Amino acid sequence: MARNLVGFLVLVLAISICEAASIFQPISESHRSAALELFTPTDGSFGSLEETYEALRTFGILGIQKKPHIGTGSCQSVSETLGSSSSTTKDLFFALKVNSILECKIDEAIFQEITSRLKAVVNDGNSLLDFYYSISSLALIKDQNSKVDVLLGDADGIFRSIKALSQSDGRWRYSSSNPESSTYAAGLALEALAGVMSLASSEIDHSLIDTLKNDIVKLFDSIEKYDDGSFYFDEKLVDAREHHGPLSTTSAVIRGLTAFASLTSGTITLSGNKILGLAKFFLGIGIPGNSKDFFNQIDSLACLESNRISVPLILSLPATVLSLTKKDQLKVKVNTVLGSSAPPLTVKLMQAFISGSKDSSVIESQELGFDPENAVHILDVLPKSVDVGNYIFVFEIVLHDSVDKKIYTTGGQTQVPLFVTGVVKIDNAEIAVLDSDLGSIETQKKIDLAGETSVSLSANHLQKLRLSFQLTTPRGKFFKPHQVFLKLRHETEVEHIFVVGNSGKQFEIILDFLGLVEKFFYLSGRYDIQLTVGDAVMENSILRAVGHVELDLPEAPEKAPRPPARPVDPYSRYGPKAEITHIFRAPEKRPPKELSLAFLGLTLLPFVGFFIGLLRIGVNLKNFPTLAVPATFAILFHLGIAAVILLYVLFWLKWDLFTTLKTLGFLGAFLMFVGHRTLSHLASTSAKLKST
Amino acid sequence: MRSASEHDKVEGFPVHFALNLVLVSSESRSKVLLAMARSTSKDAQALLHSFRSAYAATPTNLKIIDLYVGFAVFTALIQIAYIAIVGSFPFNAFLSGLLSCIGTAVLAVCLRIQVNRENKEFKDLPPERAFADFVLCNLVLHLVIMNFLG
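Figured I'd write up the structure that's included with this text. From a predicted model like this one, the values you see are computed outputs, not experimental measurements. Residue numbers here run from 1 along each chain, matching the order of that chain's written sequence. For naming, the first written chain is A and the first written ligand is 1, with later ones following in the order written. Given that the model is predicted, a residue must reach a pLDDT of at least 70 before its local features are reported, and side-chain atom pairs must reach 80 or more before they are shown or counted; all residues, however, enter totals for whole chains, interfaces and linings. The side-chain figures draw on all heavy atoms in the structure; neither hydrogens nor water molecules are used.

### Considering the overall build of chain B
For step 1, the next point in the chain: Working definition: helices are DSSP H or I runs of at least four residues, strands are E runs of at least two. Numbering for both runs from the N terminus. Counting its regular elements, chain B contains five helices and zero strands.
For step 2, the next point in the chain: Walking chain B from its N terminus toward its C terminus, one meets helices and strands in the order α-α-α-α-α.
For step 3, the next point in the chain: Buried, partly exposed and exposed residues are distinguished by accessible area as a fraction of the type maximum, computed with a 1.4 Å probe on protein chains only: under 20%, between the cut-offs, and over 50%, respectively. Residues counted as buried form 23% of the 150 residues belonging to chain B.
For step 4, the next point in the chain: Taking as baseline every contact in chain B between residues at least 6 positions apart, the subset at least 24 positions apart corresponds to 66%. The contact criterion used is simple: two residues touch if any of their non-hydrogen atoms lie within 4.5 Å.

In structure tokens, the structure reads:
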């Protein structure tokens, strides 16, 4: 029975420590420098009024002095927007936000005009965004100019109309016509309702406020969680128009929640753990990459810093690696999210256990001393029971003042991962060659792994090589490092790696060469010995050449496996290759020019011979038509043939087939016609001759 | 012929008389061969003479065509001699040159066949028409040749 109870308690303890250990750091100098980099003004302004407001608010929270010439440029844009009658409520809202930071000089008349416009929107409004922008603008005017009357007459009615858009799960719709609800809208609605409460001329009905508190509790039921203990809100339905990721959704909810909480006198029943979780979500982002995320982070943290529900206190460690050799002290800081000092409190170190093990704590619960100068809690000396290794330390914050317990939330026990490093002693290092069957030592040499020693041994395949050493932690206990390797490297760069086993403090490896002959590919020769002992918490990890051993192995039989090929030098394989010079085809041997010209002349000879032959035969032109018309045709016929021959010569010299064919078409048609006339005339004359 | 029978007679005698008759036969053989050559040349001369006289009777236009064919073939022969000397490097040029000569020679031969009045097959074809075909085919041939010449 008792054993079951103990087991159950252990289970419960294990579940409660189920949260992963992680460290959150409050806002620091790195955020300030990142802000200056992200929010860089272009041409003296940050862009739109929304971006200007985000930049100015971030600078204000982080305590960065803004440049004066930005102020004048923005003020001008603010007064333009406020004075123009075409500005939307969203523009007015952001202009007033900027004005609240810069305090530009705006005429009262303008405020009056804007107030009347905004009141009209409030009374007629039916969408959440209308309500939000107009009510928030009126609240801002109230702070900036006390003479203008901004109070709302029918505060209850407006409260109810905003409340009407809420859903049963605590989320809000944007308008009555749109059934989609979102958590982001819930944040806006809370802020708007807080604005209504601040602008009400008469007290708002308490029952309405109570229902709103219930809505907030229901909204927090839909909160989501990460393993490291951060809580956040996310949208269930992805709205394509304007997607709000977890960061902007959560910051909207926090703005609304803290605005509402600052105005209610009663308490909202929300666990401090959830507020702390929300703070951890924002701190866990680190330094965001774009200005919008940065603004959301810083603005939400500023809201959480001074909220009326519970202010989260963040426990952080400036150093998570402690060295036993340097006798580092364990230092812990407790701050608010923006890095301001915490109320008087004590930090207790409750437990410390090796991470990943199921052992109990190695230390007893103790308190850390407080150094008021640096505002840091210090544990002077690490207990003797803390050896080198990877630990999880469990802290608890105890507030001194009981009043503070209602204001602040500490989150119970915080787990923090820590490394404790130290120098691990390596001694009694020996290397020996043993005879296999008898186990007797042939050669034994001591190695000094701290200094420079190089042993040279020789062995044959019937012997064994033994390497042994001892590892002791600073506290005198045995230590098993992550890496204990023995590497034997042959002259041909073939390597073999062995893991050195241990029994307690003694690490020993025996290489039996008889069994390793095949693994070594029967390669005899000089093997370099290299020992590696390393661990993350070991300050003196070693990677040392111990010496060499001349191994005499038998000849390789026929079927023995060959050693792997030498690794190719990557530069030779992937480097540039030799340049390829293109070998052009050797041009054909051409005959000498004179020979070709001689033959050209020879080719023309038969043509000359033809003409001479014609003359010898007694060729005459008697049959050439003498009458005018046939004569013309005959001449044209001959000219046509000559033209075609000329066309062919041109074709050979420079034209292409298409132009040639085109011209040939025309010429051919002409030639046909003319030839037909001529030849038919000739035929008719010869026919007349025959008949007569 | 007389020489053949005499040859047979010489072969018919027994061998032991051959030595005496060898000298006699070799002498007579050379005499026989000389006689043969003389008669062959005489026949060839007679053939050539008869051809020349017959050729003189052909009409002039056919003679022109024959001359043209001879000129084309001659040109082809010169081209072949050239390529035998220098090798066939621009082969397409060689081919086009050669084929233009041969092609035009062939067309001229066709023209000769069609124009020859003694050829009964083409009695109804007017020679002008044949000439027009010849010109047209030549033009087409030379277009192709020019294209192939490169």
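### Section: the interface of chain B and chain A
For step 1, the next point in the chain: On the side of chain A, 32 residues touch chain B, which itself brings 28 residues to the contact.
For step 2, the next point in the chain: Put simply, buried area is how much 1.4 Å-probe accessible surface two parts lose in total, over both of them, once they are put together. Summed over both sides, the interface between chain B and chain A buries roughly 2,700 Å², with carbon and sulfur atoms accounting for 85% of that surface.
For step 3, the next point in the chain: Salt bridges are counted wherever a side-chain nitrogen of Lys or Arg sits within 4 Å of a carboxyl oxygen of Asp or Glu. Across the contact surface, chain B and chain A share zero salt bridges.
For step 4, the next point in the chain: Throughout this description, a polar contact denotes any pair of N or O atoms lying within 3.5 Å of each other; where both atoms belong to protein, one of them has to be capable of donating a hydrogen while the other can accept it, and for residues adjacent in sequence the pair is counted only when both atoms sit in side chains. Applying the counting criterion to the chain B and chain A interface returns two residue pairs in polar contact (both at pLDDT 80 or more).
For step 5, the next point in the chain: Those elements that provide at least two residues to the side of chain B that touches chain A are helix H3 (60-86) and helix H5 (127-149) of chain B.
For step 6, the next point in the chain: The element best represented in the side of chain B that touches chain A is H3 of chain B, accounting for 13 residues.
For step 7, the next point in the chain: Its residues assigned to classes, the side of chain B that touches chain A comprises 21 nonpolar, five polar and two charged. Three categories are distinguished: nonpolar for Ala, Val, Leu, Ile, Met, Phe, Trp, Tyr, Cys and Pro, charged for Asp, Glu, Lys and Arg, and polar for the others, with Gly belonging to the last.

### Structural notes on the sheet that holds strand E19 (residues 483-490) of chain A
All names here are of chain A.
For step 1, the next point in the chain: Reading across from one edge, E17-E24-E23-E19-E20 is the order of the five strands in this open sheet, with mixed pairing throughout. Each having just a single partner strand, strand E17 (455-460) and strand E20 (495-499) make up the two edges of the open sheet. Across the sheet, the axes of successive neighbouring strands diverge by a mean angle of 25 degrees, strand direction being ignored. Strands qualify as paired when DSSP identifies two bridges or more between them. Note on geometry: axes are lines fitted to C-alpha atoms, helical ones only across the stretch in contact, with angles between N-to-C directions running from 0 to 180 degrees.

### Focus: helix H9 (residues 183-199) of chain A
What sets the pattern is the α-helix's 3.6 residues per turn: residues three or four places apart point alike.
Residues and elements named next belong to chain A.
For step 1, the next point in the chain: Compared with the 24 Å implied by 1.5 Å per residue over 17 residues, the 24 Å span of H9 between its first and last C-alpha is a close match.
For step 2, the next point in the chain: The buried fraction of H9 amounts to 16 of the 17 residues, a majority that puts the element mostly inside the structure.
For step 3, the next point in the chain: The N-cap of H9, judged by a side-chain oxygen 3.5 Å from the amide nitrogen of Tyr-184 a few residues on, is Ser-182. In this analysis, the expected span of each helix is defined as 1.5 Å times one less than the number of residues it contains.

### Focus on the state of the cysteines
Simply put, the disulfide is a covalent bond whose two ends are the sulfur atoms of two cysteines.
Residue and element names in this part refer to chain A.
For step 1, the next point in the chain: When the sulfur atoms of two cysteines come within 2.5 Å, that pair is taken as a disulfide. Going through the model one piece at a time under the given rule, you end up with one disulfide over all chains.
For step 2, the next point in the chain: Each disulfide pairs two cysteine sulfurs, and for Cys-75 the partner residue is Cys-104, the sulfurs being separated by 1.8 Å. Across the S-S bond of Cys-75 and Cys-104 the torsion is about -90 degrees, and the bridge reads as left-handed. Of this pair, Cys-75 sits in helix H4 (residues 68-83) while Cys-104 is found in the loop between helix H5 (89-102) and helix H6 (108-124), placing the two residues 29 residues apart along the sequence.
For step 3, the next point in the chain: Judged by its relative accessible area of 14%, Cys-104 is buried.

### Brief notes about the side chain of Glu-235 of chain A
All names here are of chain A.
For step 1, the next point in the chain: By secondary structure assignment, the location of Glu-235 is in the loop between strand E4 (231-232) and helix H11 (246-263).
For step 2, the next point in the chain: The charge count includes Lys and Arg as positive and Asp and Glu as negative, but it does not include His or the ends of the chains. Despite its burial, Glu-235 pairs with no opposite charge; the closest candidate is Arg-171, at 4.9 Å N-O.
For step 3, the next point in the chain: A polar contact is formed between the side chain of Glu-235 and the backbone nitrogen of Tyr-184, at a distance of 3.1 Å.
For step 4, the next point in the chain: Setting aside anything within four residues of it in sequence, one finds Glu-235 in contact with Ser-182, Thr-183, Tyr-184, His-244 and Thr-249.

### As for the packing of H6 of chain A against helix H7 (residues 128-144) of chain A
Residue and element names in this part refer to chain A.
For step 1, the next point in the chain: The contact between H6 and H7 brings their axes to 9 Å, and the two run at 150 degrees. Relative to H7, H6 is oriented roughly antiparallel. Crossing of H6 over H7 shows left-handed handedness. Residue-level inspection shows Phe-111, Ile-114, Thr-115, Leu-118, Lys-119, Val-121 and Val-122 of H6 in contact with H7, the latter providing Asp-130, Phe-131, Ser-134, Ile-135, Ser-137, Leu-138, Ile-141 and Gln-144.
For step 2, the next point in the chain: Grouping the constituent residues of the contact of H6 with H7 by class yields nine nonpolar, four polar and two charged. An angle below 35 degrees is treated as roughly parallel, one above 145 as roughly antiparallel, one from 65 to 115 as roughly perpendicular, and anything else as oblique. Two helices that cross are described as forming a left-handed crossing if the nearer one is turned anticlockwise from the farther one by less than a right angle, and a right-handed crossing if clockwise.

### Here we look at the pairing of strand E24 (residues 542-552) of chain A
All names here are of chain A.
For step 1, the next point in the chain: Of the strand pairs in this sheet, E17 and E24 are connected by six bridges, and their pairing is parallel. When the sheet's bridge partners are listed, Val-455 is paired in E24 with Gly-547.
For step 2, the next point in the chain: The pairing of strand E23 (residues 525-534) with E24 spans nine bridges and is classified as antiparallel. Counterpart to Thr-532 in the pairing with E24 is Leu-543.

### Description of H11 of chain A
For step 1, the next point in the chain: Between its first and last C-alpha, H11 of chain A extends 26 Å over 18 residues, near the 26 Å set by a 1.5 Å rise per residue.
For step 2, the next point in the chain: Burial analysis of H11 of chain A places 14 of its 18 residues in the buried class, the great majority of the element.

### Quick look at the environment of Lys-333 of chain A
Residues and elements named next belong to chain A.
For step 1, the next point in the chain: Here Lys-333 shows up in strand E7 (residues 330-336).
For step 2, the next point in the chain: Owing to a relative accessible area of 33%, Lys-333 belongs among the partly exposed residues under this scheme.
For step 3, the next point in the chain: Separated by 43 residues in the primary sequence, Lys-333 and Val-376 place their C-alpha atoms 5.0 Å from one another.
For step 4, the next point in the chain: Setting aside its immediate chain neighbours within four residues, Lys-333 contacts Ile-314, Leu-315, Ser-316, Asn-374, Ala-375 and Val-376.

### Description of the packing of H9 of chain A against H11 of chain A
Residue and element names in this part refer to chain A.
For step 1, the next point in the chain: Packing of H9 against H11 leaves a shortest axis separation of 7 Å and a crossing angle of 20 degrees. Considering the angle they form, H9 stands roughly parallel to H11. Like other packed secondary-structure pairs, H9 and H11 cross with a definite hand, here left-handed. Between H9 and H11, the residues in contact are Thr-183, Tyr-184, Gly-187, Leu-190, Glu-191, Ala-194, Met-197 and Ser-198 and Ser-248, Thr-249, Ala-252, Val-253, Arg-255, Gly-256, Leu-257, Ala-259, Phe-260 and Leu-263, respectively.
For step 2, the next point in the chain: For the contact of H9 with H11, the class distribution of residues is ten nonpolar, six polar and two charged.

### Concerning the environment of Asn-296 of chain A
For step 1, the next point in the chain: Its location among the elements puts Asn-296 of chain A in helix H13 (residues 291-305).
For step 2, the next point in the chain: At a separation of 2.9 Å, a polar atom in the side chain of Asn-296 of chain A contacts the side chain of Arg-255 of chain A.

### Digging into the sheet that holds strand E15 (residues 425-435) of chain A
In a beta sheet, neighbouring strands are held together by backbone hydrogen bonds and run either parallel or antiparallel to one another.
All names here are of chain A.
For step 1, the next point in the chain: On the basis of which strands lie adjacent, the open sheet formed by five strands has the order E16-E15-E18-E22-E21 and antiparallel pairing. On the outer flanks of this sheet lie strand E16 (441-446) and strand E21 (501-503), each paired with one strand and no other. Pairwise comparison of adjacent strand axes, ignoring direction, gives a mean angle of 25 degrees for this sheet.
For step 2, the next point in the chain: Judged from the seven bridges that link them, strand E18 (residues 463-472) and strand E22 (residues 506-512) form a sheet pairing that is antiparallel.

### Quick notes on the nonpolar core
All names here are of chain A.
For step 1, the next point in the chain: To define a nonpolar core, start from buried Ala, Val, Leu, Ile, Met, Phe, Trp, Tyr and Cys residues and group those joined through side-chain atoms within 4.5 Å. If you look at the biggest cluster of nonpolar residues, it comprises 102 residues, and the most contacted ones within it are Leu-82, Ile-162, Trp-172, Ile-204 and Phe-220.
For step 2, the next point in the chain: These domain boundaries are the output of an automatic or database domain assignment. Split by domain, the residues of this core number at least three in each of domain 1 (22-309) and domain 2 (314-421).
For step 3, the next point in the chain: What Ile-204 contacts, discounting residues up to four positions off in sequence, is Ala-155, Asp-156, Phe-159, Val-196, Met-197 and Ile-209.
For step 4, the next point in the chain: If you look at the next biggest cluster of nonpolar residues, it comprises 68 residues, including Val-334, Ile-397, Val-517 and Met-538.

### So, the packing of aromatic side chains
Aromatic ring pairs are defined here through the distance separating the ring centres and the angle between the ring planes.
For step 1, the next point in the chain: Between rings of Phe, Tyr and Trp, where Trp is taken as its six-membered ring, a pair exists when centres lie within 6.5 Å; planes separated by under 30 degrees are stacked, by over 60 edge-to-face, and by other angles tilted. A full pass over the atoms with the stated rule returns 31 aromatic pairs over all chains.
For step 2, the next point in the chain: Ring pairing ties together the aromatic residues Phe-607, Phe-610 and Phe-611 of chain A together with Tyr-68, Phe-71, Phe-131 and Phe-134 of chain B, which thus form one cluster.

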